[in-house]
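# Structure assessment
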Number of protein chains: 2
Amino acid sequence: MDVIAKENLTGVLLALVSSGFIGASFIIKKKGLKKAAATSGVRAGYSWVKFDNLRVFDCGLLDPVIVGEVANFVAYAFAPAVLVTPLGALSIIVSAILAHFLLNEKLHAQGVVGCVMCIAGSVVVVIHAPEEHPINSVLQLWNMATQPGFLFYVASVIVLVFILVFLYAPQYGNSNVLVFTGICSLMGSLSVMSVKALGTALKLTFEGKNQLLYSETWFFTFVVAICVITQMNYLNKALDTFNTAIVSPIYYVMFTSLTILASVIMFKDWADQNAGNVISEICGFIVVLSGTILLHTTKDFERSSSFKGSHIVL
Amino acid sequence: MDVIAKENLTGVLLALVSSGFIGASFIIKKKGLKKAAATSGVRAGYSWVKFDNLRVFDCGLLDPVIVGEVANFVAYAFAPAVLVTPLGALSIIVSAILAHFLLNEKLHAQGVVGCVMCIAGSVVVVIHAPEEHPINSVLQLWNMATQPGFLFYVASVIVLVFILVFLYAPQYGNSNVLVFTGICSLMGSLSVMSVKALGTALKLTFEGKNQLLYSETWFFTFVVAICVITQMNYLNKALDTFNTAIVSPIYYVMFTSLTILASVIMFKDWADQNAGNVISEICGFIVVLSGTILLHTTKDFERSSSFKGSHIVL
């Protein structure tokens, strides 16, 4: 309990469960696709395919992607975003390791280095993460979201997204990978902040403090819907236009960095931490990013766009 | 001053200076060799070659390797070995970056990731390193070196070295890279401990507390000589028998791990640290190791054995 702040423990466990499910879902899906291709003789499309050995997952509600995303959503209600977001990288490790054993996709030496790196970086991030501040009402979150610094961040994001969508996307969208991924990452940072607000409001409601009476809760719900729809729309455009192996690491780096920036501004995560903790956390984050890039460049992740989309929205 | 313990600051700076000189020496030497090969028409051997542009270094005492090794030696007198040893990896970054700009050896994307990793890992190691304990006499070091735990470590090392030298080296020395590198690494961990004792004794002597009167100081000097000679002898055998690109990362990992183990036993570095600090430091160390492996496997370091020998002895 000394190493991980007690307040963050639930969030860390949920984030790990989430990565486990999302990582495993990729393998299950791919095994199903392979089997379908083998039996039908043609390559199956990117639809969900029944897979006998794991029939327990094979109904809508137990789809591991959905379980993983729900766990991830709940994790944001229990721990700071600067902690939950980088841990998303662990799903890549889970899928790389499972692919090695179940799909016979050999993990190369550099892939192993990438895995070790993601784990070591995540441990550093977890140890030095700030403690989750106790929140008693959605109005507290509303105050945080309407402070001048965060409003400035939101305004900048909206202006940049408009510029990218209306000026750059028509001309450079199909030639420069940064246009679509930039839109997703900018919107993604707002998605996570509003998901965290909504998740916390629901958590409080389940604890008996009904937050659904406040219009602020419904506003956050509206923002979640807008942001997630925009983000998934442009993520699918990016994945339709460019190779997943190029899109994924660029998107992961931009999305995670912007989310941490947004969280630091909105929740003042680093305000009561000493310099050593903040620097260690940034270094841990850089290590996780580097490990992710390494895994993506050494391993050919043939991910379906639908999987990808759901995986990295949060 | 908050981030780095004040007691360690001198040691950290010396270790950085050391890595800078040792990393640069490789480039200077290689440029000299290239030039000599260009003018004489034949490839120059692995001897030190005059290099006009950097004539300032071109006399025995200012040889950058020697400056670097002296700085490294002194660093051990000012900071814990668990801090100084991992920072040695930064010399690889210096030479990789200088080679990129001065020798036009393109640093690949994965090489850049390796560099970033070594830096991030080193920062984590430096922030969480234990403080150097104040030592007033070589007799204190003698007591540390003769405590049962450390004597057991020394005895184990000697037994293993004897087994490797007399049983394994004749039969498997030329076929298994772990035999020669194992001998070097085991002896290397004792080299560093005795170098640290000798350096501290000399530091105290310069401060006016003459330690040369104690036979213990001379005993440590004797141990330094024995260990360094054995280590260099088997390191050269390893480099003569196997490719540098294979020997270097294996040797770096084993040598650094054993040195940290020896230091933790002898100096009880981790005794007054909390679990978070110890785990962070181990993670930082793993990240530096991974970065080093990555740099070595992606970049072909054509190092001369004489350079290599002097570089990684400490």
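Just so we're clear, the structure is a prediction, and the values are computed from it rather than from any experiment.

Quick look at helix α8 (residues 177–206) of chain B now. An α-helical segment advances 3.6 residues per turn. Residues three or four places apart therefore align on the same side. Residue and element names in this part refer to chain B. Helix length check: α8 (30 residues) gives 42 Å between terminal C-alpha atoms against 44 Å at 1.5 Å per residue, within 8%. Taking burial as the measure, the 30 residues of α8 include 25 buried ones, the bulk of the element. One side-chain oxygen of the residue at the start of α8 lies 2.9 Å from the amide nitrogen of L178, identifying that residue as N176. Just beyond α8, the residue with positive phi is G208, at close to 105°.

Counting 63 residues, the largest nonpolar core has A:L83, A:L141, A:F150, A:I183, A:M193 and A:L295 as its most contacted members. Both domain 1 (1–127) and domain 2 (131–268) of chain A contribute no fewer than three residues apiece to this core. Beyond its immediate stretch of four places on either side in the chain, A:I183 contacts A:V161, A:L164, A:V165 and A:Y234. Membership of the second largest hydrophobic core comes to 62 residues, among which are B:V84, B:Y153, B:V157 and B:A238.

Looking now at the domain arrangement of chain A. Residues and elements named next belong to chain A. Domain parsing of chain A yields domain 1 (1–127) and domain 2 (131–268). Across the boundary between the two partners, domain 1 contributes 15 residues, which contact 18 residues of domain 2. Carbon and sulfur atoms supply 72% of the area that domain 1 and domain 2 bury against each other, a total of about 1,400 Å² over both sides. The three residues of domain 1 that bury the most area against domain 2 are F73, Y76 and A77, which together make up 37% of that side's buried surface. Our enumeration of links across domain 1 and domain 2 arrives at five residue pairs in polar contact (both at pLDDT 80 or more).

Rules behind the numbers
- Residues numbered from 1 in each chain as written.
- Chains lettered and ligands numbered in written order.
- Predicted model: local features only at pLDDT ≥ 70, side-chain atom pairs only at ≥ 80, totals over all residues.
- Heavy atoms only, no water.
- Helix = DSSP H or I, 4+ residues; strand = E, 2+ residues; numbered from the N terminus.
- Expected span 1.5 Å × (residues − 1).
- Buried < 20%, exposed > 50% of the residue type's maximum accessible area, 1.4 Å probe, protein only.
- Polar contact = N/O pair within 3.5 Å; in protein donor to acceptor, adjacent residues only side chain to side chain.
- Core = buried A, V, L, I, M, F, W, Y, C linked by side-chain atoms within 4.5 Å.
- Domains from an automatic or database assignment.
- Contact = heavy atoms within 4.5 Å.
- Buried area = accessible area lost by both parts, 1.4 Å probe.

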